[in-house]
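# Structural characterization, general
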Amino acid sequence: MQILIIEDEDSLREGLLDLIRAAGHEVDCASTAAAGLDLAAVNATDLVLLDLMLPDGDGIDVCSRLREQHPQIAILMLTARGSENDKVKGLNAGADDYVTKPFGARELLARIEAIARRTRIRPTTPTRIEIDGSQLDLNRHLAQRGETQTHLTPRESAILHWLYHQRQRAVSRAELLEQVWGTRGDLKTRTVDMTIANLRQKIELDPADPQIIKTVTGVGYAWGQSE
Ligand code: CA
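So, how was this worked out
- Residues numbered from 1 in each chain as written.
- Predicted model: local features only at pLDDT ≥ 70, side-chain atom pairs only at ≥ 80, totals over all residues.
- Heavy atoms only, no water.
- Pairing = 2+ DSSP bridges.
- Helix = DSSP H or I, 4+ residues; strand = E, 2+ residues; numbered from the N terminus.
- Axes fitted to C-alpha atoms, helices over the stretch in contact; angles between N-to-C directions.
- Donors = N, O, S within 2.8 Å, 3.2 Å for Na, K, Ca; no water.
- Buried < 20%, exposed > 50% of the residue type's maximum accessible area, 1.4 Å probe, protein only.
- Expected span 1.5 Å × (residues − 1).
- Core = buried A, V, L, I, M, F, W, Y, C linked by side-chain atoms within 4.5 Å.
- Contact = heavy atoms within 4.5 Å.

### Considerations on the sheet that holds strand S11 (residues 148-151)
Spatial strand order, S8-S9-S10-S11: four strands in an open sheet with antiparallel pairing. Strands at the two margins of the open sheet, each flanked by one partner only, are strand S8 (129-131) and S11. Strand-to-strand, the axes of this sheet are offset by a mean angle of 20 degrees, without reference to chain direction. Examined bridge by bridge, S8 and strand S9 (residues 134-137) share three bridges and lie antiparallel to one another. Considered in S9, the bridge of Ile-129 is made with Leu-136.

In structure tokens form, the structure reads like this:
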């Protein structure tokens, strides 16, 4: 993958550069928000490692702008603050995931590998899925209902991809965490619910009465119906 590191702390940025390059990825580095946004526009970036506290701007704003300008790029936030609020704001701004500093090399590489795995499975997805009046283009991360087109994040596309391919059965939150986030554990099931709530706002005719991503009480979620 082509990975862009936006981190102003020199020692951390250089450490990440060595680590990720050694894992076989191409790496660009920026130490400011402005330089990072410029680089993302120039190179075919697959994944951004984004520090939340940058000298020339808030990482949350950078996240929103990246998501708006490059919906196909995966965003992994690096947060030092340990604040639940920042993580929620970042996820709402379109980040795919976060790691809290200080993080271990293995943890970070596992998160990157999970994103790489999702990127690799993408081509097997049908180009377009039509469901309940919505057209979902999971390769291009787009949802369209009538004249209204909405960008999906790579994670949102991956959720739809997984539910669609498992459409004969319901899928638990733990399974989504493992398959889509690449992590395990009950602690982050709230993240699954929050991400699905945002996704429903984008694709459902009435998010309060979802027809595409159904809630299955006591189990998790299920694809609404066959196309
Ligand atoms: Ca920083």
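More follows now that the structure is in view.
### Focus on the coordination of the calcium ion
Asp-8 (OD), Asp-51 (OD) and Met-53 (O) make up the full set of protein donors to the calcium ion, lying at 2.1 to 2.3 Å. Summarised as a motif, the one-chain spacing of the donors to the calcium ion is D-x42-D-x1-M. Here the residue Asp-8 occupies a position in the loop between strand S1 (2-6) and helix H1 (10-22), and Met-53 occupies one in strand S4 (residues 53-54), the gap between them amounting to 45 residues. For Asp-8, a relative accessible area of 31% puts it in the partly exposed group.

### Re helix H6 (residues 154-165)
If you check H6, its first and last C-alpha atoms are 16 Å apart, about what twelve residues at 1.5 Å a residue would give, namely 16 Å. Among the twelve residues of H6, eleven are classified as buried, and the element is accordingly described as predominantly covered.

### Describing the nonpolar core
Judged by nonpolar contacts, the single largest core of 25 residues is most densely connected at Leu-136, Leu-160, Leu-163, Leu-176, Ile-203, Ile-213 and Trp-223. Of all the secondary structure elements, the ones that give two or more residues to this core are S8, H6, helix H7 (173-181), helix H8 (189-203) and strand S14 (220-223). With six residues, H6 is the single largest residue contributor to this core. With sequence-adjacent residues up to four places away left out, Ile-213 is seen in contact with Leu-160, Leu-163, Ile-196, Leu-199, Arg-200, Ile-203, Glu-204, Tyr-221 and Ala-222. Counting residues in each nonpolar core, the second largest holds 21 residues, with Ala-30, Val-48, Leu-66 and Ala-93 among its members.

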